Amino acid sequence: MAKKSFFKGAVILGVAGIIVKIFGAFFRIPLANIIGDTGMGYYQTAYPVYVLLLTLSTAGIPTAIARLVSERTTEGNHREAYRIFTVSFRLLLGLGIVTSLILFFGAPYIVQYIMKEETEAVYSMRSIAPALLFVPIMAAFRGYFQGKQDMAPTASSQVVEQAFRVAFGLSAAVLLLPLGVQFAAAGASAGAAIGGLFGLLGIFIIFLRKRSGIKEECRNSAEGESESVRRILGRIVAIAVPVTIGAAIMPIMTNIDLFIVVRRLVESGYTSAEANSLYGQLSGFATPLINLPQVLTQAIAMSLVPAVAAAFISGDREFLQYNTAFGIRTAMIIGMPCSVGLMVLSEPIMLLLYPAQKASASNAAESLFILAFGAIFLSLVQTLTGILQGVKKQMVPVMNLCIGAVAKIIITYILTGIPSVNVKGAAAGTAVAYITAALLNYRAVRKYTGTRPDLALTFGKPVLSSVVMGAVVLAVYHGVSMFAGNTVSTMISVFCGVIIYAFCILRLKGITPEEIRMLPKGEKIVKIFRLDRKK
């Protein structure tokens, strides 16, 4: 297999991730208006259970497939790479059948005896159950194509899945509302199943179109080791279990706040109502806003695994170190401006999104500022995790996240008990967790890959460009706010920030002309900014 950088795949997955997030926003807001608080209660009862079962059944397996397929493809053993896909397909099909049946037939027990919720939520839980069959099967195809460093099928299926989920879910909610809000919520939940079905159909069609080429590769495959089904399954499990545990740690860290924050606030003198309000500002207002950088850096991590694995298995240390250094730099180029932007505009952004709750939005801005600082390191955590998974060190980032989680518990417990700090202590605990995990992961990457990134190029130029951007954004916001309201001032500031940052990072050559050419219309960008001219 020819050498392939992760960059093009990361761009494809990043764009798809943004589109999916936009679709998601267009789903949640109108859905709440259609089915109201009660309906959203039924919907929210079913969806977290679905996500938990989906995480347990699929979180690590696509990564395992991608790495194993990448290793065999690098060796030229395409037949064995395809065999890994077929074995994992059967594994995920079995897991999908089991988990979907558990959710469908176990819904009454889960709702009534475990969650202690109203029985009407059963309809939502059962209507979302088929998604647990379709999505794991789709994950097998995604892992196979990712292992071949072809990210377009994954991106396409993500967009198709979300588009049908939104279209069907909202339509079903409207049509079923006359029958009762519980049935409208069930219709919205069924959108996940329909989206999963059409996403699966979409990636299966892509697979059929590529099948002749895959068969040709298998016919011309180099001879190599043929592993037993048991050994393939064992290798998949050995990779997938640590990845799944790592994926579960992030929600666990969020739940740490649920168990600690409110209790500590009450102990420090706040009333129960005040404590719940402060916790709502942290979890409902501030925390969701750090998800956008995550979408982009997660795309980097997903693309890095097969690219790093291919270089690692072939013994190409130079290309391994190139992808590693470039991956870290890309995470900084994306994560740093997002974090700085959220920091300098923390209050204006909060007021823009929650104009009807200005007092709460303003209070939550301080927590957002702290979380945004931590998001810089979260970007690095995700990227470095992908690198370590690619070099067969998938347990290392899990242990580092656990250490970060312990640090978070200690910091959160101490600081939230100080009345003047309150929920900002929980935000600080989260930031400390990300900083701890990032530094430990960075040390591990240096150890296992031998990579020594250029500090000025990797960190200095993104930081300098982001600082300039932040200064301009603040100046523009305060200047425009003298003549316009917060909404207009914030939007103009964000637009100016994007332009200034892009200009700075390009003029400083934080990205080389060769790397920019990998982007869509990259050649035009190089020519416009005259980036390849000699000094």
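It should be noted that the structure appears before, not after, this text.
Nothing here was measured: the structure is a model prediction, and the numbers come from that model.

S.K.: Is there a simple way to think about the overall build of the protein in this case?
M.R.: The number of helices and strands found in the protein is 19 helices and zero strands. At 24 Å, the protein has a C-alpha radius of gyration in line with the 24 Å of a compact globule built from 535 residues. Over its C-alpha atoms, taken along the principal directions, the protein stretches across nearly 70 × 65 × 40 Å. A total accessible area of about 23,300 Å² is found for the protein, and carbon and sulfur atoms account for 68% of it. Here the protein holds 47 positive side-chain charges and 26 negative ones, and the gap between their average locations is 5 Å.

S.K.: Explain the packing of helix 11 (residues 317-344) against helix 16 (residues 455-480) here, please?
M.R.: If you want to describe how two helices pack, look at the angle between their axes and the distance between the axes. Closest axis-to-axis distance for the helix 11/helix 16 pair is 9 Å, and the angle between their directions is 25°. Judged by the inter-axis angle, helix 11 sits roughly parallel to helix 16. Crossing of helix 11 over helix 16 shows right-handed handedness. Between helix 11 and helix 16, the residues in contact are Ile 328, Arg 329, Met 332, Ile 333, Met 336, Pro 337, Val 340, Gly 341 and Val 344 and Leu 457, Thr 458, Phe 459, Pro 462, Val 463, Ser 466, Met 469, Gly 470, Val 473 and Leu 474, respectively. The class makeup of the residues in the contact of helix 11 with helix 16 is 14 nonpolar, four polar and one charged.

S.K.: Mind showing me how you'd approach the nonpolar core here?
M.R.: Soluble globular proteins: nonpolar side chains tend toward being buried together. With 77 residues, the main nonpolar core has Phe 6, Met 253, Ile 328, Met 350, Leu 380, Leu 384 and Ile 387 as its most contacted residues. Of the residues forming this core, the biggest block, 15 residues, is contributed by helix 13 (residues 358-390). Setting aside residues no more than four positions away along its own chain, Phe 6 makes contact with Ile 300, Ser 303, Leu 304, Ala 307, Asn 323, Phe 326, Gly 327 and Thr 330. Counting residues in each nonpolar core, the second largest holds 60 residues, with Ala 81, Ala 129, Met 138 and Ile 239 among its members.

S.K.: What is the right way to look at the state of the cysteines in this model?
M.R.: Each disulfide consists of one covalent bond between the sulfur atoms belonging to two cysteines. Scanning the entire structure with this criterion turns up zero disulfides. No disulfide involves Cys 504; its sulfur sits 13 Å from that of Cys 496, the nearest cysteine.

S.K.: In this structure, what is going on with the pattern of salt bridges? I would like to understand it.
M.R.: A side chain with one charge can pair with a side chain of the opposite charge if their charged atoms come near. Counting across every chain of the model gives 16 salt bridges. Close ionic contact of Asp 150 with Lys 210 constitutes a salt bridge, the shortest N to O distance being 3.1 Å. Here Lys 210 lies in helix 7 (residues 181-219) and Asp 150 lies in the loop between helix 5 (131-147) and helix 6 (152-176), a separation of 60 residues in the sequence. Here the salt bridges do not stand alone but share partners, grouping Arg 67, Glu 71, Arg 72, Glu 75, Glu 227, Arg 231, Arg 235 and Lys 392 into one network.

S.K.: Mind showing me how you'd approach unusual backbone geometry here?
M.R.: A negative phi holds for most residues other than glycine; trans holds for most peptide bonds. Even without being a glycine, Gln 149 presents a positive backbone phi close to 60°. Tracing the backbone shows Gln 149 in the loop between helix 5 and helix 6. A positive phi is found at Lys 392, a non-glycine position, where the angle reads about 65°. In this fold, Lys 392 is placed in the loop between helix 13 and helix 14 (395-416).

About the criteria used
Residues numbered from 1 in each chain as written. Predicted model: local features only at pLDDT ≥ 70, side-chain atom pairs only at ≥ 80, totals over all residues. Heavy atoms only, no water. Helix = DSSP H or I, 4+ residues; strand = E, 2+ residues; numbered from the N terminus. Rg over C-alpha atoms; globule rule 2.2 N^0.38 Å. Areas by Shrake-Rupley, 256 points an atom, 1.4 Å probe, with all protein chains shown as cover. Lys, Arg positive; Asp, Glu negative; His and termini not counted. Charge placed at Lys NZ, Arg CZ, Asp CG, Glu CD. Axes fitted to C-alpha atoms, helices over the stretch in contact; angles between N-to-C directions. Parallel < 35°, antiparallel > 145°, perpendicular 65-115°, else oblique. Left-handed = near helix turned anticlockwise from the far one by under 90°. Contact = heavy atoms within 4.5 Å. Nonpolar A, V, L, I, M, F, W, Y, C, P; charged D, E, K, R; others polar. Core = buried A, V, L, I, M, F, W, Y, C linked by side-chain atoms within 4.5 Å. Buried < 20%, exposed > 50% of the residue type's maximum accessible area, 1.4 Å probe, protein only. Disulfide = S-S within 2.5 Å. Salt bridge = Lys/Arg side-chain N within 4 Å of Asp/Glu carboxyl O.

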